[in-house]
Amino acid sequence: MKHAVITGAAHGIGKALAHRFAQEGYAITGVDIDAAGAARVERELNARFVITDLRSDTGIARVLPKLIQGKPIDVLIHNAGINAVGRFPDISIENHERVIAVNFYAPMLLTAALLKADLFAKGASIVFISSLSHYTSYPGAATYAATKSGLASYARSLSIALAPQNIHVTTVFPGPTRTAHARRHSPHNTREEKRMPPEKLAHHVFRGVQKKKHLIVPGATNRMVALLGKWCPPLMAYAMRKIILEKL
Ligand SMILES: NC(=O)c1ccc[n+]([C@@H]2O[C@H](COP(=O)([O-])OP(=O)(O)OC[C@H]3O[C@@H](n4cnc5c(N)ncnc54)[C@H](OP(=O)(O)O)[C@@H]3O)[C@@H](O)[C@H]2O)c1
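From a predicted model like this one, the values you see are computed outputs, not experimental measurements.

As for the site of the ligand
Neighbouring residues of the ligand: 27 residues in total, closest Gly8, Gly12, Gly81, Thr179 and His181. Elements that contribute at least two residues to the shell around the ligand include exactly α1 (12-23) and α8 (180-185). For the shell around the ligand, the residue count by class is 12 nonpolar, 11 polar and 4 charged.

Remarks on the pairing of strand β3 (residues 48-51)
In terms of strand pairing, strand β2 (residues 27-32) meets β3 through 4 bridges, oriented parallel. Counted as the bridge partner of Thr29 is Arg48 from β3. In terms of handedness, the path from β2 via helix α2 (residues 35-45) over to β3 forms a crossover that is right-handed.

With respect to the packing of helix α5 (residues 93-116) against helix α7 (residues 142-162)
At a closest axis distance of 9 Å, the pairing of α5 and α7 adopts a crossing angle of 10 degrees. Relative to α7, α5 is oriented roughly parallel. Note on packing geometry: the crossing formed by α5 with α7 is right-handed. Here His96, Val99, Ile100, Asn103, Phe104, Pro107 and Met108 of α5 lie close against α7, whose contacting residues are Thr143, Tyr144, Thr147, Lys148, Gly150, Leu151 and Tyr154. Here the contact of α5 with α7 is built from residues that sort into 8 nonpolar, 5 polar and 1 charged.

What about the environment of Ile167?
Note that Ile167 resides in the loop between α7 and β6 (168-172). Overall, the presence of 21 C-beta atoms within 10 Å leaves Ile167 in the buried class. Put simply, Ile167 and Leu115 are 52 residues apart on the chain and 10 Å apart in space, counted from C-alpha to C-alpha. In this structure Ile167 touches Phe120, Ala124, Ile126 and Leu162, once residues within four positions along its chain are discounted.

Some details on the sheet that holds strand β1 (residues 3-7)
As summarised here, the arrangement of the 7 strands in space is β3-β2-β1-β4-β5-β6-β7, forming an open sheet in which the pairing is parallel. Pairing within the sheet leaves two strands with one partner each, and these edge strands are β3 and β7 (215-216). As judged from the 2 bridges shared by β6 and β7, these two strands associate in the parallel manner. Across the sheet, Thr171 pairs through a bridge with Leu215, a residue of β7.

Considerations on the nonpolar core
In this structure, Leu17, Val75 and Val127 are the most contacted members of the largest nonpolar core, which totals 62 residues. In terms of residue count, α5 provides more of this core than any other element does, 7 residues in total. If we ignore the near neighbours within four places in the chain, the residues touching Val75 are Ala4, Phe21, Ala124, Ser125, Val127 and Val209.

A short note on unusual backbone geometry
Note: most peptide bonds trans; most residues except glycine with negative phi. Positive phi, normally seen in glycine, also occurs at Asp118, with a value near 55 degrees. By the element assignment, Asp118 lies in the loop between α5 and β5 (120-129). Located in the positive-phi region is Ser137, a residue other than glycine, with phi close to 75 degrees. Of note, Ser137 is situated in the loop between α6 (133-136) and α7.

Thresholds, definitions, all that
- Residues numbered from 1 in each chain as written.
- Predicted model: local features only at pLDDT ≥ 70, side-chain atom pairs only at ≥ 80, totals over all residues.
- Near = placed C-beta within 6 Å.
- Helix = DSSP H or I, 4+ residues; strand = E, 2+ residues; numbered from the N terminus.
- Nonpolar A, V, L, I, M, F, W, Y, C, P; charged D, E, K, R; others polar.
- Pairing = 2+ DSSP bridges.
- Right-handed = clockwise from strand over helix to strand, strands pointing away.
- Axes fitted to C-alpha atoms, helices over the stretch in contact; angles between N-to-C directions.
- Parallel < 35°, antiparallel > 145°, perpendicular 65-115°, else oblique.
- Left-handed = near helix turned anticlockwise from the far one by under 90°.
- Contact = placed C-beta atoms within 7 Å.
- Buried ≥ 20, exposed ≤ 12 C-beta atoms within 10 Å, placed from the backbone.
- Core = buried A, V, L, I, M, F, W, Y, C linked by C-beta atoms within 7 Å.

Structure, rendered in C-alpha coordinates:
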(Lines give C-alpha, C1' and ligand atoms only; values in the text may rest on other atoms or scores of the structure.)
Protein backbone atom coordinates (compact mmCIF):
# COMPACT_ATOMS: atom_id res chain seq x y z
CA MET A 1 0.00 0.00 0.00
CA LYS A 2 1.37 3.42 -0.98
CA HIS A 3 1.41 6.29 1.48
CA ALA A 4 0.31 9.91 0.87
CA VAL A 5 0.93 12.71 3.38
CA ILE A 6 -1.33 15.74 2.84
CA THR A 7 -1.26 18.98 4.80
CA GLY A 8 -4.54 20.84 5.31
CA ALA A 9 -6.42 17.57 4.70
CA ALA A 10 -9.33 18.25 7.06
CA HIS A 11 -11.19 20.55 4.63
CA GLY A 12 -11.46 21.79 1.07
CA ILE A 13 -8.89 20.79 -1.51
CA GLY A 14 -6.80 18.79 0.98
CA LYS A 15 -9.81 16.74 2.01
CA ALA A 16 -10.71 16.08 -1.64
CA LEU A 17 -7.09 15.03 -2.28
CA ALA A 18 -7.22 12.68 0.71
CA HIS A 19 -10.40 11.09 -0.68
CA ARG A 20 -8.96 10.78 -4.20
CA PHE A 21 -5.69 9.19 -3.12
CA ALA A 22 -7.49 6.88 -0.64
CA GLN A 23 -9.80 5.79 -3.45
CA GLU A 24 -6.69 4.74 -5.38
CA GLY A 25 -5.52 2.60 -2.46
CA TYR A 26 -3.16 5.00 -0.69
CA ALA A 27 -2.85 5.06 3.10
CA ILE A 28 -3.41 8.68 4.13
CA THR A 29 -1.68 10.73 6.79
CA GLY A 30 -3.25 14.17 7.12
CA VAL A 31 -1.71 17.15 8.86
CA ASP A 32 -4.12 19.85 10.03
CA ILE A 33 -4.82 22.37 12.72
CA ASP A 34 -8.53 21.49 13.00
CA ALA A 35 -8.98 18.42 15.20
CA ALA A 36 -12.75 18.14 14.66
CA GLY A 37 -12.51 18.28 10.85
CA ALA A 38 -9.58 15.85 10.94
CA ALA A 39 -11.57 13.39 13.08
CA ARG A 40 -14.32 13.38 10.44
CA VAL A 41 -11.86 12.60 7.63
CA GLU A 42 -10.18 9.95 9.82
CA ARG A 43 -13.53 8.20 10.20
CA GLU A 44 -14.44 8.53 6.51
CA LEU A 45 -11.13 7.20 5.20
CA ASN A 46 -9.56 5.26 8.00
CA ALA A 47 -6.81 7.87 7.72
CA ARG A 48 -4.59 9.09 10.53
CA PHE A 49 -3.85 12.72 11.33
CA VAL A 50 -1.19 14.79 12.99
CA ILE A 51 -2.95 17.72 14.64
CA THR A 52 -0.60 20.67 14.64
CA ASP A 53 -0.24 24.33 13.72
CA LEU A 54 2.12 24.58 10.75
CA ARG A 55 2.57 28.27 11.49
CA SER A 56 5.28 27.68 14.08
CA ASP A 57 8.61 25.85 14.11
CA THR A 58 7.44 23.72 17.04
CA GLY A 59 4.24 22.88 15.16
CA ILE A 60 6.25 21.76 12.14
CA ALA A 61 8.67 19.77 14.32
CA ARG A 62 5.72 17.82 15.75
CA VAL A 63 5.04 16.23 12.33
CA LEU A 64 8.35 14.42 11.93
CA PRO A 65 8.22 11.89 14.83
CA LYS A 66 4.74 10.77 13.72
CA LEU A 67 5.98 10.14 10.17
CA ILE A 68 9.12 8.32 11.29
CA GLN A 69 6.84 5.70 12.88
CA GLY A 70 4.92 5.16 9.62
CA LYS A 71 5.56 3.83 6.11
CA PRO A 72 7.92 5.63 3.69
CA ILE A 73 6.19 8.52 1.92
CA ASP A 74 5.24 8.01 -1.73
CA VAL A 75 3.43 11.35 -2.17
CA LEU A 76 3.79 14.46 -0.01
CA ILE A 77 1.31 17.25 -0.80
CA HIS A 78 1.94 20.69 0.67
CA ASN A 79 -1.62 21.96 0.51
CA ALA A 80 -2.36 23.86 3.77
CA GLY A 81 -2.60 27.55 3.01
CA ILE A 82 -4.17 30.74 4.31
CA ASN A 83 -4.81 34.18 2.87
CA ALA A 84 -5.12 37.78 4.00
CA VAL A 85 -7.16 39.89 1.60
CA GLY A 86 -7.85 43.60 1.70
CA ARG A 87 -6.50 46.99 0.82
CA PHE A 88 -2.77 46.63 1.39
CA PRO A 89 -2.38 49.21 4.22
CA ASP A 90 -5.31 47.65 6.08
CA ILE A 91 -3.65 44.24 6.45
CA SER A 92 -1.66 43.96 9.69
CA ILE A 93 1.99 42.93 9.68
CA GLU A 94 1.01 39.93 11.85
CA ASN A 95 -1.35 38.75 9.12
CA HIS A 96 1.33 39.12 6.45
CA GLU A 97 3.70 37.09 8.65
CA ARG A 98 1.08 34.36 9.21
CA VAL A 99 0.54 33.97 5.47
CA ILE A 100 4.29 33.69 4.85
CA ALA A 101 4.71 31.19 7.69
CA VAL A 102 1.96 28.77 6.62
CA ASN A 103 2.18 29.08 2.84
CA PHE A 104 5.91 29.33 2.30
CA TYR A 105 8.04 28.69 5.38
CA ALA A 106 6.19 25.52 6.51
CA PRO A 107 6.49 23.65 3.16
CA MET A 108 10.21 24.49 2.96
CA LEU A 109 10.97 23.43 6.55
CA LEU A 110 8.87 20.28 6.35
CA THR A 111 10.42 19.24 3.04
CA ALA A 112 13.93 19.80 4.42
CA ALA A 113 13.20 17.84 7.60
CA LEU A 114 11.66 14.88 5.74
CA LEU A 115 14.53 14.75 3.24
CA LYS A 116 17.10 14.85 6.05
CA ALA A 117 15.28 12.04 7.86
CA ASP A 118 15.24 10.06 4.58
CA LEU A 119 11.51 9.33 4.82
CA PHE A 120 10.70 9.23 1.10
CA ALA A 121 10.10 6.01 -0.81
CA LYS A 122 11.94 5.35 -4.06
CA GLY A 123 10.26 7.29 -6.90
CA ALA A 124 8.35 9.56 -4.49
CA SER A 125 6.59 12.80 -5.49
CA ILE A 126 6.51 16.12 -3.64
CA VAL A 127 3.57 18.31 -4.66
CA PHE A 128 3.24 22.03 -3.94
CA ILE A 129 -0.20 23.65 -4.16
CA SER A 130 0.59 27.11 -5.53
CA SER A 131 -2.08 29.29 -7.20
CA LEU A 132 -3.14 30.70 -10.54
CA SER A 133 -2.18 34.06 -9.00
CA HIS A 134 1.38 33.12 -10.02
CA TYR A 135 0.29 33.95 -13.58
CA THR A 136 -2.40 36.55 -13.02
CA SER A 137 -1.23 38.63 -10.00
CA TYR A 138 -3.60 39.03 -7.03
CA PRO A 139 -4.23 42.66 -6.07
CA GLY A 140 -5.61 42.70 -2.55
CA ALA A 141 -3.49 39.70 -1.58
CA ALA A 142 0.04 40.61 -2.65
CA THR A 143 1.72 38.68 0.17
CA TYR A 144 -0.35 35.56 -0.61
CA ALA A 145 0.60 35.88 -4.29
CA ALA A 146 4.27 36.25 -3.31
CA THR A 147 4.19 33.08 -1.20
CA LYS A 148 2.57 31.13 -4.04
CA SER A 149 5.08 32.37 -6.64
CA GLY A 150 7.86 31.72 -4.10
CA LEU A 151 6.68 28.13 -3.77
CA ALA A 152 6.72 27.71 -7.55
CA SER A 153 10.26 29.03 -7.73
CA TYR A 154 11.41 26.85 -4.82
CA ALA A 155 9.81 23.79 -6.42
CA ARG A 156 11.49 24.47 -9.75
CA SER A 157 14.98 24.44 -8.21
CA LEU A 158 14.19 21.58 -5.85
CA SER A 159 13.02 19.52 -8.79
CA ILE A 160 16.46 19.70 -10.40
CA ALA A 161 18.26 19.10 -7.10
CA LEU A 162 16.20 15.99 -6.23
CA ALA A 163 16.16 14.37 -9.67
CA PRO A 164 19.30 12.27 -8.95
CA GLN A 165 17.51 10.84 -5.88
CA ASN A 166 14.57 9.86 -8.09
CA ILE A 167 12.21 12.23 -6.24
CA HIS A 168 9.82 14.05 -8.53
CA VAL A 169 8.47 17.56 -7.84
CA THR A 170 5.10 18.86 -9.10
CA THR A 171 3.63 22.35 -8.72
CA VAL A 172 -0.13 22.87 -9.04
CA PHE A 173 -1.69 26.23 -9.95
CA PRO A 174 -5.41 26.02 -9.05
CA GLY A 175 -7.78 28.77 -10.05
CA PRO A 176 -10.89 29.60 -8.01
CA THR A 177 -11.99 26.38 -6.29
CA ARG A 178 -15.26 25.85 -4.40
CA THR A 179 -13.99 25.79 -0.79
CA ALA A 180 -14.34 27.75 2.45
CA HIS A 181 -11.02 29.46 1.67
CA ALA A 182 -12.36 30.92 -1.61
CA ARG A 183 -15.66 31.89 0.04
CA ARG A 184 -13.86 33.62 2.90
CA HIS A 185 -11.55 35.68 0.72
CA SER A 186 -13.58 36.67 -2.35
CA PRO A 187 -15.06 40.18 -2.62
CA HIS A 188 -18.38 38.49 -3.45
CA ASN A 189 -19.60 34.92 -3.82
CA THR A 190 -22.35 35.47 -6.34
CA ARG A 191 -20.88 33.09 -8.93
CA GLU A 192 -19.67 30.38 -6.59
CA GLU A 193 -20.96 27.65 -8.88
CA LYS A 194 -18.37 28.76 -11.47
CA ARG A 195 -15.53 27.70 -9.16
CA MET A 196 -13.98 24.29 -9.78
CA PRO A 197 -15.23 21.58 -7.40
CA PRO A 198 -12.33 20.42 -5.19
CA GLU A 199 -12.98 16.81 -6.24
CA LYS A 200 -12.32 17.77 -9.87
CA LEU A 201 -9.10 19.53 -8.90
CA ALA A 202 -8.05 16.47 -6.86
CA HIS A 203 -8.59 14.31 -9.95
CA HIS A 204 -6.31 16.60 -12.02
CA VAL A 205 -3.67 16.44 -9.29
CA PHE A 206 -3.85 12.65 -8.99
CA ARG A 207 -3.54 12.19 -12.75
CA GLY A 208 -0.69 14.73 -12.96
CA VAL A 209 1.23 13.02 -10.17
CA GLN A 210 0.78 9.64 -11.87
CA LYS A 211 2.16 11.12 -15.08
CA LYS A 212 5.03 12.77 -13.19
CA LYS A 213 4.12 16.21 -14.53
CA HIS A 214 6.17 19.16 -13.33
CA LEU A 215 3.40 21.75 -13.69
CA ILE A 216 -0.36 21.35 -13.46
CA VAL A 217 -2.76 24.15 -14.37
CA PRO A 218 -6.08 22.33 -13.81
CA GLY A 219 -8.86 22.88 -16.35
CA ALA A 220 -9.09 24.58 -19.74
CA THR A 221 -10.31 27.94 -18.40
CA ASN A 222 -7.49 28.19 -15.88
CA ARG A 223 -4.97 27.28 -18.59
CA MET A 224 -6.34 30.02 -20.85
CA VAL A 225 -6.17 32.58 -18.01
CA ALA A 226 -2.59 31.52 -17.20
CA LEU A 227 -1.59 31.99 -20.85
CA LEU A 228 -3.22 35.44 -20.95
CA GLY A 229 -1.39 36.41 -17.76
CA LYS A 230 1.89 35.22 -19.23
CA TRP A 231 1.59 36.77 -22.70
CA CYS A 232 -0.55 39.82 -22.10
CA PRO A 233 0.17 41.24 -18.60
CA PRO A 234 -1.53 44.64 -19.18
CA LEU A 235 -4.81 42.95 -20.09
CA MET A 236 -4.60 40.74 -17.00
CA ALA A 237 -3.69 43.73 -14.80
CA TYR A 238 -6.81 45.54 -16.08
CA ALA A 239 -9.00 42.48 -15.45
CA MET A 240 -7.67 41.87 -11.92
CA ARG A 241 -8.13 45.54 -11.05
CA LYS A 242 -11.77 45.40 -12.16
CA ILE A 243 -12.61 41.93 -10.80
CA ILE A 244 -10.89 42.18 -7.42
CA LEU A 245 -9.19 45.42 -6.42
CA GLU A 246 -12.04 47.82 -7.14
CA LYS A 247 -14.47 45.54 -5.27
CA LEU A 248 -12.52 45.39 -2.02
N1 LIG B 1 -9.82 27.64 -2.92
C2 LIG B 1 -9.23 28.29 -3.89
O3 LIG B 1 -9.88 28.99 -4.69
C4 LIG B 1 -7.74 28.17 -4.08
C5 LIG B 1 -7.17 28.67 -5.27
C6 LIG B 1 -5.80 28.57 -5.46
C7 LIG B 1 -5.01 27.96 -4.50
N8 LIG B 1 -5.57 27.49 -3.35
C9 LIG B 1 -4.68 26.88 -2.35
O10 LIG B 1 -5.12 25.57 -2.07
C11 LIG B 1 -4.78 25.22 -0.74
C12 LIG B 1 -6.01 24.68 -0.02
O13 LIG B 1 -7.00 25.69 -0.03
P14 LIG B 1 -8.53 25.40 0.37
O15 LIG B 1 -9.32 26.28 -0.49
O16 LIG B 1 -8.80 23.95 0.41
O17 LIG B 1 -8.51 26.00 1.87
P18 LIG B 1 -9.41 25.63 3.13
O19 LIG B 1 -10.76 25.19 2.69
O20 LIG B 1 -9.31 26.79 4.06
O21 LIG B 1 -8.64 24.37 3.77
C22 LIG B 1 -7.31 24.53 4.22
C23 LIG B 1 -7.03 23.52 5.34
O24 LIG B 1 -5.72 23.84 5.90
C25 LIG B 1 -5.86 23.97 7.31
N26 LIG B 1 -4.88 24.91 7.87
C27 LIG B 1 -4.92 26.28 7.81
N28 LIG B 1 -3.91 26.80 8.51
C29 LIG B 1 -3.21 25.76 9.03
C30 LIG B 1 -2.09 25.66 9.88
N31 LIG B 1 -1.49 26.75 10.36
N32 LIG B 1 -1.63 24.43 10.23
C33 LIG B 1 -2.26 23.31 9.79
N34 LIG B 1 -3.34 23.34 8.98
C35 LIG B 1 -3.82 24.55 8.62
C36 LIG B 1 -7.28 24.52 7.48
O37 LIG B 1 -7.74 24.40 8.81
P38 LIG B 1 -8.86 25.49 9.29
O39 LIG B 1 -10.05 25.30 8.41
O40 LIG B 1 -9.10 25.19 10.73
O41 LIG B 1 -8.22 26.85 9.08
C42 LIG B 1 -8.03 23.65 6.49
O43 LIG B 1 -8.33 22.39 7.03
C44 LIG B 1 -4.20 26.49 -0.10
O45 LIG B 1 -2.80 26.43 -0.13
C46 LIG B 1 -4.70 27.60 -1.00
O47 LIG B 1 -3.86 28.71 -1.00
C48 LIG B 1 -6.91 27.58 -3.12
